[in-house]
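Chain and residue survey
Spelled out, the chains give:
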Amino acid sequence: VQLVESGGGLVQAGGSLRLSCAASGLAFSTYVMDWYRQAPGKQRELVAYISAGGTTAYADFVKGRFTISRDNAKSTVYLQMNNLKPEDTAMYYCQGANTWGQGTQVTVSS
């Protein structure tokens, strides 16, 4: 199983980014997929998840700004991040099937 994140970068506050996580080696459509983040000196925290059936849930600190989605045909999960804030700065990881990706850095400047 392999998960590969992409799409991170440097953006100004109020901007947007879309993260992608491409999965291989698993029956992607049958798994819950999660996005987590970890800021320097802080614990890793759950940002959002999407069930195999498409049900979604979000941490309170991203509700209304972030959207998780999946494309089972492409074995890819996405995280659309709008109205980014400096406190969203972190390494973002996807997780599924007890496997973690390597992460993609998101930096939001004020």
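To start, this report covers the structure provided alongside it. (Residues numbered from 1 in each chain as written. Predicted model: local features only at pLDDT ≥ 70, side-chain atom pairs only at ≥ 80, totals over all residues. Heavy atoms only, no water.)

**Observations concerning the sheet that holds strand S8 (residues 76–81)**
Overall, antiparallel pairing links the four strands, which are arranged S1-S3-S8-S7 in an open sheet. Looking at which strands have only one partner, the edges of the open sheet turn out to be strand S1 (2–6) and strand S7 (66–71). Put simply, the sheet's adjacent strands are angled 15° from each other on average, direction ignored. Where strand S3 (residues 17–24) and S8 come together, six bridges link them in antiparallel fashion. Bridge pairing links Cys21 to Val77 in S8. (Pairing = 2+ DSSP bridges. Helix = DSSP H or I, 4+ residues; strand = E, 2+ residues; numbered from the N terminus. Axes fitted to C-alpha atoms, helices over the stretch in contact; angles between N-to-C directions.)

**Topic: the pattern of salt bridges**
All chains considered together, the criterion is met by four salt bridges. For Asp60, the salt bridge goes to Lys63, with nearest N and O atoms at 3.2 Å. The exposure classification of Asp60 matches that of Lys63, with both residues exposed. For the salt bridge of Arg65 with Asp88, the shortest nitrogen-to-oxygen distance reads 2.7 Å. (Salt bridge = Lys/Arg side-chain N within 4 Å of Asp/Glu carboxyl O. Buried < 20%, exposed > 50% of the residue type's maximum accessible area, 1.4 Å probe, protein only.)

**Thoughts on the side chain of Arg65**
Following the sequence through the fold, Arg65 ends up in the loop between strand S6 (56–58) and S7. A polar atom in the side chain of Arg65 sits 3.0 Å from the backbone oxygen of Asn83. Ignoring sequence-local partners within four residues, the contact set of Arg65 consists of Gln80, Met81, Asn82, Asn83, Leu84, Lys85 and Asp88. (Polar contact = N/O pair within 3.5 Å; in protein donor to acceptor, adjacent residues only side chain to side chain. Contact = heavy atoms within 4.5 Å.)

**So, the packing of aromatic side chains**
Per the counting criterion, the structure on display carries two aromatic pairs. Seen from their ring centres, Tyr93 and Trp100 are 6.4 Å apart, and the 85° between their planes marks the pair as edge-to-face. Ring-pair connections join several aromatic residues into one group, and the members of that group are Tyr36, Tyr93 and Trp100. A cation over an aromatic ring shows up here: Arg44 above the ring of Trp100, its NZ or CZ 4.5 Å from the ring centre. Sitting over the ring of Phe28, Arg70 keeps its end group 4.6 Å from the ring centre. (Phe/Tyr/Trp six-rings, centres within 6.5 Å; stacked < 30°, edge-to-face > 60°. Lys NZ or Arg CZ within 6 Å of the ring centre and 35° of its normal.)

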